[in-house]
Amino acid sequence: MEQQKRYGHFDDQHREYVITDPQTPWPWINYLGNEDFFSLISNTAGGYSFYKDAKFRRITRYRYNNVPMDNGGRYFYIKDGDTVWNPGWKPCKTPLDFYECRHGMSYTRITGKKNGVEASVLFFVPLKKWAEVQKLTLKNESNEVKNLKLFSFEEWCLWNAATDMENFQRNFSTGEVEIEGSTIYHKTEYRERRNHYAFYHVNAPIQGFDTDRETFVGLYNEFADPQAVMEGKPRNSHAHGWSPIASHYIEVTLQPGESKDFVFLLGYIENEQDEKFEAPQVINKDKAHALIAELDTTEKVDKAFAELCEYWDALLNIYKVRTGNDKLDRMVNIWNQYQCMVTFNFSRSASFFESGVGRGMGFRDSNQDLVGFVHQIPPRARQRIIDIASTQFPDGGCYHQYQPLTKRGNNDIGGGFNDDPCWLIFGTVAYIKETGDFSILDEMVPFDNQPGSEVTLFEHLKISMDHVIKNLGPHMLPLIGRADWNDCLNLNCFSWDPNESFQTTENVSEGTKAESLMIAGLFVVTGKDYVALCKKLANGQWSMVNGQCDFSAEAERMQAAVDAMIDAVKKHGWDGEWYLRAYDFYGRKIGSNECEEGKIFIESQGWCTMAEIGAEDGMVAKSLDSCKKYLECEHGMVLNNPAFTKYIYEYGEISSYPEGYKENAGIFCHNNPWVIIGECLAGRGNDAWSHYAKILPSYVEEKYQTLHKVEPYVNCQMVAGKDAFKPGEGKNSWLTGTAAWMWYTVSEFILGIKPDYDGIRIDPCLPETATDYTVQRKFREADYEITIHPNGQQKGVKTITLDGQPISGTVIPYSPGKHIVEVTM
Ligand code: GLC
Ligand code: GLC
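Residues numbered from 1 in each chain as written. Chains lettered and ligands numbered in written order. Predicted model: local features only at pLDDT ≥ 70, side-chain atom pairs only at ≥ 80, totals over all residues. Heavy atoms only, no water.

A. How the structure looks around the site of ligand 1. Near ligand 1 the following residues occur: Arg348, Arg359, Arg364, Asp365, Trp485, Asn486, Asp487, Glu663, Phe668 and Gln717. Backbone polar atom of Trp485 to an oxygen atom of ligand 1: 2.5 Å apart, as the coordinates give it. Asp487 has a polar backbone atom sitting 3.1 Å from an oxygen atom of ligand 1. Summarising the interface, the protein chains cover 96% of the accessible area of ligand 1, which totals 300 Å² for the free molecule. Here the residues of the shell around ligand 1 are counted per class, giving two nonpolar, two polar and six charged. (Near = heavy atom within 4 Å. Polar contact = N/O pair within 3.5 Å; in protein donor to acceptor, adjacent residues only side chain to side chain. Areas by Shrake-Rupley, 256 points an atom, 1.4 Å probe, with all protein chains shown as cover. Nonpolar A, V, L, I, M, F, W, Y, C, P; charged D, E, K, R; others polar.)

B. Fine view of the nonpolar core. Counting 237 residues, the largest nonpolar core has Leu138, Leu150, Phe262 and Tyr692 as the members making the most contacts within it. If one sorts the elements of this core by residue count, helix H11 (residues 517-541) sits on top with 13 residues. With residues near it in sequence (within four places) discarded, Phe262 still touches Gln134, Lys135, Leu136, Leu138, Leu150, Val202, Asn203, Ala204, Ile250 and Val252. Formed by 13 residues, the second largest nonpolar core is a distinct cluster that contains Tyr77, Cys92, Phe216 and Ile245. (Core = buried A, V, L, I, M, F, W, Y, C linked by side-chain atoms within 4.5 Å. Buried < 20%, exposed > 50% of the residue type's maximum accessible area, 1.4 Å probe, protein only. Helix = DSSP H or I, 4+ residues; strand = E, 2+ residues; numbered from the N terminus. Contact = heavy atoms within 4.5 Å.)

C. Geometry of the state of the cysteines. According to the stated counting rule, one finds zero disulfides in the structure shown. Among the cysteines around Cys92, which has no disulfide bond, Cys101 carries the closest sulfur, lying 18 Å off. In this structure Cys716 is not part of a disulfide, and its nearest cysteine sulfur, from Cys669, lies 5.0 Å away. (Disulfide = S-S within 2.5 Å.)

D. Up close: the pattern of salt bridges. On inspection of all chains with the given rule, the structure shows 64 salt bridges. Linking Glu679 and Arg684 is a salt bridge whose minimum nitrogen-to-oxygen distance equals 2.6 Å. For the pair Glu679 and Arg684, a shared accessibility class is recorded, and that class is buried. Arg761 serves as the salt-bridge partner of Asp756, at 3.0 Å between the closest nitrogen and oxygen. When its relative accessible area of 30% is taken as the criterion, Arg761 is described as partly exposed. Through salt bridges that share partners, Arg61, Arg63, Glu155, Asp164, Arg213 and Glu214 make up one connected network. (Salt bridge = Lys/Arg side-chain N within 4 Å of Asp/Glu carboxyl O.)

E. Broad picture of the sheet that holds strand S9 (residues 98-103). Judged by pairing direction, the sheet is antiparallel, and its 10 strands sit side by side in the order S1-S2-S9-S10-S11-S12-S19-S16-S15-S14 without closing on themselves. Strand pairing shows two members of the sheet lacking a second neighbour, strand S1 (8-11) and strand S14 (177-180), which therefore form its edges. The average undirected angle you get between the axes of adjacent strands in this sheet is 15 degrees. Docked against the sheet, helix H17 (residues 701-708) engages S1 and strand S2 (16-19), running at close to 150 degrees with respect to S1. (Pairing = 2+ DSSP bridges. Axes fitted to C-alpha atoms, helices over the stretch in contact; angles between N-to-C directions.)

Written out as structure tokens, the structure reads:
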């Protein structure tokens, strides 16, 4: 049999994925930056940088869906005699003697070799710095002296990534730069309302430069053969309008065996209004000089890199498992947690599928993402919760998205997604359980960011629950609004106009009977959490200054609402073998055996089994079995079955997709973990594991090399389902709720280490083949080493000892310090 082509492999020791062939089936990217300055970088150095907000503060330009794909990035051209090449192969595509790209934790190292010269570039954003470092090391591995001509290249974006792509009548006249020594400054619009500029610097004297794109590239040339580079002659161009770029030209002589480092720095600076200029029209460069001075030698850069690595060591030391199964360990210990941090930073804004102009931070998305990173950076999770809650309306509804730069609700999309409020409880409870910090409930949080409207965060949770209760339909199930989690099930949209957005259009909602079983399940799950929280508060866990709430009464009130919801689901939400998905505008069933297509949907199976609704009547087991029977396929569980083969006016976007893609029966990885958790709660460890392994990147790494196409080290949002033309193709990698849900599932429900108010609950659910494993878990001020002996059991903890002493129950009571825990199942 022919050996399957491979493009790379994992290097667990260095926490890297090593790409050995530049021609991956799709650009395989990585993210740089952890706080304010961010970059996307592909395995051939394509991509771009921005400050905080990929739409409003784009620093370098990128062209999505380009031909060829992934053109534009930070490029180094090396001219060695007549040969011009790039360390990352692109854009010249000169065949290399060696190529390697190592994507690590917030850094990427790309190495190329050609004709006896090695060029290795380390890309990273130092902690707390507004800059991308590109440390280029050139080494002469030949026996002769090398005289190289080195050109760097970055293309500036005119800040607003959206207008940059469309408003050319203006854009082609606004571009402005300054050149000072080895630094090229980009200051478009600085003369008027911007108080920020960017720069591209190198820590060596330059022998020339270019800042005007057409002069450098040549109007009829491409990135692959820029005229200045091909002729080995920079033009020293000074851009006025058109498309400003930054390119340094350096002549490098290397003796045999000699190597030289060059530190390139792409930086971003903000100045105070009255300190913008040092002379008329001349930008104040003090801060740029200071930033450059911090990173202008190999030693300084190496130190900044070491700090970044230590930062990641610390983050990844909080939860570590040793199962002896490399494929599981590397996802749990490295890549799944890393992907969660990336979704924390980017929500759904900037990837190679999300252009960074369309979406800010989602209300539901960000709350879900929180369970993926709350253990690593609790203070930032706390801030995130408050930012999110601040975009809520007084009636409990909320903006669906907000812009990270302004933290304001996004008017373009508005609100009306009736699942949104519940997610605030989901996120907040996860935060308190991790940290024990009940004081967050005391925070005064405004509505719609309006000063003076502040109430406590607890009050926000309360009105979130009430929003569901106040919006029930004829079956006493939650009204769906514009949509629930499935943004494409648009039951009040009714659109025949292709120019209308399915998400923002509600052509009719008056008199709607459209109800959601997904929200029903979500309400029960988060409602139980809310009740438990109120009971905790009633027991005096919280010395609340601002609130005057009778928490016992509140717990009772909400318990009654939860019970009523459970009844409604049992009565009106059960189809015989599975839970219904919804009722449409007219009150007709969706996701029923009576339907012609779309007979069963995954979301309500996931949420109603997580809520354990009707478990005692066998509903949960039947629902889970139906998922296996109708939704499962080789690559995971599809969203609905059978797929819709025609557009259904009453359903909206879901039926707009061809069969097997996206919300129309794609494997929407995000929701698979819901069913897996349902399986875990039901104690069906073998089934939980088999569903989990199907969408675990390391388990299907082989498939990624050809069929899946996207990065084999992270989950993608969607894999084409069994009804698709090409089942198994992956799309929308990186920014997906799948990351957090996979993490939540494996860390808390499969491996069974679950933070709780008073300690850590131990409740694994494993395949019967599981062997002993150990989890190292830092929790608040404690450090637990927990060893589980499954003994062939799928579920059920028999005994626990804490530091040698048996404890009763399954919660290890929290106390600071180091502890050894032994668990027998
Ligand atoms: C996308 C959205 C998410 C939505 C999901 C299902 O992933 O980011 O908010 O729930 O699609 O439509
Ligand atoms: C839809 C996508 C869905 C996404 C929604 C909102 O086109 O299919 O996944 O959540 O748009 O952007």
